[in-house]
Amino acid sequence: MTIDIRPDDLTSAEMADLIATHAQTMLASSPPGSCHFLPIDGLRHPSVSVWSMWEDGALIGCGALKDLGNGGGEIKSMHTRAHLRGRGLGRRMLEHILGVARARGYTGLWLETGSMDAFIPARRLYESYGFTCTGPFGDYAEDPNSVFMHLQM
């Protein structure tokens, strides 16, 4: 089976459904005031690049990278369909995003994820690539439900 990661323009109903599923998953795992996912309109902003992940013609995941300016980026909307988790698909998307960030000459990447147990696999993935915990960045504020991470590139 071949995994294909490609730029996505967010116009398909299938991708809209995946982004909605991502939002529902985030809202089910953390309080609404502590959910910082981008809705589909936010992902369409020119500063955001979005990729979809496909396997044998099926949409299986997505990821995004927001240009923060000044040589930095923020990882957004990392999502793999629940029944496919544990296969290393998140790792593949993260490696893709890291490659794009390097090609763009970014000096650092940031992300926000949840502090709850549901986010342990995500935090472990990011830590395995050298991300370390940091304080809030950009427009984020300190939040006990958030973990902020940074990777110096």
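Details of the structure are given in the entry above.
Predicted, not measured: the structure shown is a model, and the values here were computed from it.

> Explain the pattern of salt bridges to me, and be specific about the residues and the numbers.
Counted by the stated rule, this structure contains 4 salt bridges. For Asp41, the salt bridge identified is with Arg44, shortest N-O distance 2.9 Å. Between Glu55 and Arg87 there is a salt bridge; the shortest N-O distance is 2.6 Å. Note that Glu55 is positioned in strand β2 (residues 48-55) and Arg87 in the loop between β4 (72-80) and α3 (89-103), a separation of 32 residues in sequence. When its relative accessible area of 43% is taken as the criterion, Arg87 is described as partly exposed.

> Tell me about the environment of Gly71, residues and numbers included.
As for its placement among the helices and strands, Gly71 is situated in the loop between β3 (58-69) and β4. With relative accessibility at 26%, the residue Gly71 sits in the partly exposed group. Between the C-alpha atom of Gly71 and that of Ala101, which follows or precedes it by 30 residues, the distance is 9.3 Å. Excluding residues that lie within four positions of it along the chain, Gly71 makes contacts with Tyr106, Thr107 and Gly108.

How each quantity is defined
- Residues numbered from 1 in each chain as written.
- Predicted model: local features only at pLDDT ≥ 70, side-chain atom pairs only at ≥ 80, totals over all residues.
- Heavy atoms only, no water.
- Salt bridge = Lys/Arg side-chain N within 4 Å of Asp/Glu carboxyl O.
- Helix = DSSP H or I, 4+ residues; strand = E, 2+ residues; numbered from the N terminus.
- Buried < 20%, exposed > 50% of the residue type's maximum accessible area, 1.4 Å probe, protein only.
- Contact = heavy atoms within 4.5 Å.

It is worth stressing that arrangement in space is one thing and function is another; only the former is reported here.
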